Amino acid sequence: MRILAINNKDEAVRKNSSSGGVFYLIAESVINDSGVVFGAKFDSSFDVVHGYAEDMEGIRAFMGSKYVQSSVGGAYRDAKDFLEAGRKVLFSGTPCQIAALKKYLGKEYENLITVDFICHGVPNRRICREYLDEISKGREIAKVNFRDKTEGWRAFSLKVDFADGSTYRKNLEEDPFVCGFLKNLYLRPSCYQCAYRGFERPADVTLADFWGVQNIMPEIYDDKGTSIIIVRKESIEKLIEYKKDSLVIRELDEQTVQKTNVAVEKSCAMHPKRAEFFESEYKSVSKAIYRIVKEPLKIRVKKKLYKLYKGVKK
Ligand SMILES: Cc1cc2nc3c(=O)[nH]c(=O)nc-3n(C[C@H](O)[C@H](O)[C@H](O)COP(=O)(O)OP(=O)(O)OC[C@H]3O[C@@H](n4cnc5c(N)ncnc54)[C@H](O)[C@@H]3O)c2cc1C
Ligand code: SF4
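All residue numbers refer to position in the chain's written sequence, counted from 1. In the order they appear in the text, chains get letters beginning with A and ligands get numbers beginning with 1. Local features are withheld for residues below a pLDDT of 70 in this predicted model, meaning they are given only at 70 or higher, and side-chain atom pairs are given and counted only at 80 or more; totals for whole chains, interfaces and linings count all residues.

## Describing the site of ligand 1
In the region of ligand 1, 34 residues are neighbours, and Ser17, Ser18, Gly39, Ser92 and His120 sit closest. Each helix is a run of H or I in the DSSP string that is no shorter than four residues. Each strand is a run of E no shorter than two, and both are numbered from the N terminus. Secondary structure elements with two or more residues in the shell around ligand 1: helix 2 (22-32), strand 2 (36-42), strand 5 (112-117) and strand 9 (205-209). In this classification, the charged set is Asp, Glu, Lys and Arg, the nonpolar set is Ala, Val, Leu, Ile, Met, Phe, Trp, Tyr, Cys and Pro, and all remaining amino acids, among them Gly, are polar. Looking at side-chain class alone, the shell around ligand 1 contains 17 nonpolar, 15 polar and two charged residues. Nearness is defined per residue: the C-beta atom, placed using the backbone, must lie within 6 Å of the molecule or strand.

## Examining the sheet that holds strand 5
Within a sheet, neighbouring strands are paired by backbone hydrogen bonds and run either parallel or antiparallel to one another. Reading across from one edge, 3-2-4-5-9-10-1-11 is the order of the eight strands in this open sheet, with mixed pairing throughout. Each edge of the open sheet is held by one strand with a lone partner, namely strand 3 (48-53) and strand 11 (247-251). Neighbour-to-neighbour, the strand axes of this sheet turn through a mean angle of 25°, independent of strand direction. Note that strand 2 and strand 4 (residues 89-92) share three bridges and pair parallel. For Phe38, the partnering residue across the bridge sits in strand 4 and is Phe91. Here, strands pair whenever DSSP counts at least two bridges between them. Helix axes are fitted only over the stretch in contact, all axes being lines through C-alpha atoms; the angle between N-to-C directions runs from 0 to 180 degrees.

## Description of the domain arrangement of the chain
An automatic or database domain assignment supplies the residue ranges for each domain. Split into domains, the chain comes out as domain 1 (2-119 + 191-264) and domain 2 (125-185 + 270-313). Taking the mean C-alpha position of each, domain 1 and domain 2 sit 26 Å from one another. Of the residues lining the interface, 15 residues belong to domain 1; the matching set on domain 2 comes to 15 residues. Along the lines of polarity and charge, the residues of the side of domain 1 that touches domain 2 split into five nonpolar, five polar and five charged. We call two residues in contact when their backbone-placed C-beta atoms lie within 7 Å.

## Let's talk about the pairing of strand 1 (residues 2-8)
Two elements, strand 1 and strand 10 (residues 227-231), share five bridges in a ladder whose sense is antiparallel. Considered in strand 10, the bridge of Leu4 is made with Ile229. Of the pairings in the sheet, the one linking strand 1 to strand 11 comprises five bridges and is antiparallel in character. Opposite Leu4, over in strand 11, you have Glu251 as the bridge partner.

## Structural notes on the sheet that holds strand 6 (residues 141-148)
Spatially, the three strands line up as an open sheet ordered 6-7-8, and their pairing is antiparallel. Every other strand in the sheet has two partners, leaving strand 6 and strand 8 (167-170) as the edge strands with one partner each. Ignoring strand direction, the axes of neighbouring strands in this sheet form an average angle of 10°. Both strand 6 and strand 7 (residues 157-162) contribute to a ladder of five bridges, which runs antiparallel. Along strand 7, the bridge assignment pairs Lys143 with Asp161. Sheet contacts for helix 6 (residues 125-136): strand 6, strand 7 and strand 8; angle to strand 6, the most-contacted strand, approximately 115°.

## A look at the nonpolar core
The term nonpolar core refers to a set of buried Ala, Val, Leu, Ile, Met, Phe, Trp, Tyr and Cys residues connected through C-beta atoms within 7 Å. Exposure in this text rests on C-beta crowding, where 20 or more other C-beta atoms within 10 Å of a residue's own make it buried, 12 or fewer make it exposed, and counts in between make it partly exposed. The C-beta atoms are placed from the backbone. Counting 47 residues, the largest nonpolar core has Ile26, Ala27, Val37 and Leu90 as its most contacted members. With eight residues, the top contributor of residues to this core is helix 2. Among the nonpolar cores identified, the runner-up in size contains 23 residues, and Tyr131, Leu158, Tyr186 and Ala288 belong to it.

Have a look at this one:
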């Protein structure tokens with residue numbers, strides 16, 4: 001096992017990726033090898049589903065984290081068909097989806113590469129749907145980006161572009177859906193006791209955000225996104241070596257990952273008001289989320305003052 005910090009030097013790739021753009025790199029190598037890539041994308045109704053792509057145009061739809069449970073549909077069966085036909089297959093998904101794929105396949109395939117990520121958990125599909133419908137206010141959605149980087153990678157902004165040219169964009173402190181996600185209000189029940197934590201997993205590669213890179217390796221930090229990659233397959237190590245001129249690479253160890261990304265080993269605690277939230281009747285999902293997760297005024301004032309103080313000190 002090898003652990004690395006990586007920035008893809010291709011600025012456009014990194015802009016459209018949630019962290020450092022490593023998924024794109026691996027997907028591209030599989031497509032160049034006449035392979036097939038499976039991943040999570042938005043369908044025409046902006047629900048998240050698993051699908052496959054055989055060219056780079058299709059790969060773009062998989063880029064970026066979608067903070068909702070993806071519907072797998074027939075993806076495991078399709079992957080098996082391609083594997084049996086001898087095609088190279090890259091399957092990307094949550095750690096539990098990779099475990100389910102392996103169980104479904106029932107045997108190892110030389111031509112299969114699996115990619116998962118350190119997983120906070122997936123929000124409930126209904127809540128996400130209600131939220132997108134609510135902020136749309138009747139407008140037709142053209143694009144959703146759960147990790148827009150306009151304000152920087154660490155701002156964790158949700159951006160929705162509408163067909164009429166208007167845009168919604170709010171960062172992690174302002175957007176109710178992102179706040180409720182990060183405060184564990186509506187994750188899928190199994191996410192609170194996730195069986196797929198730790199460094200040993202079924203996937204060949206685990207991706208993650210390198211939170212804290214600005215303090216640990218300031219020389220590679222630019223707030224455009226840095227990935228952690230945990231590699232368990234020799235062919236991926238070779239790919240990274242082959243591509244080294246187009247990447248910024250640093251060696252990492254388990255301790256650094258444990259320190260900066262607690263989700264690698266620990267499931268997040270269920271929000272104490274999760275049941276209350278799901279049982280409540282509401283007209284506005286944003287207000288219902290905010291009522292529960294919004295910080296008390298005293299704390300918000302303190303944070304604002306701290307930000308102002310830091311601004312004055314610069
Ligand atoms: C629900 C969720 C929770 C996450 N939690 C954490 C966390 O706690 N800590 C952390 O460090 N990183 C977490 N990540 C991963 C991280 O944000 C980046 O996606 C990852 O580091 C890969 O980034 P990238 O820049 O290489 O490529 P990207 O282009 O950002 O990677 C996209 C990849 O993610 C897959 N994907 C996107 N959405 C979903 C979905 N809903 N279900 C299944 N697969 C999906 C795509 O198929 C594709 O393979 C999470 C991602 C998701 C989707
Ligand atoms: S937290 Fe665990 S159970 Fe939940 S989606 Fe991620 S891997 Fe699956």
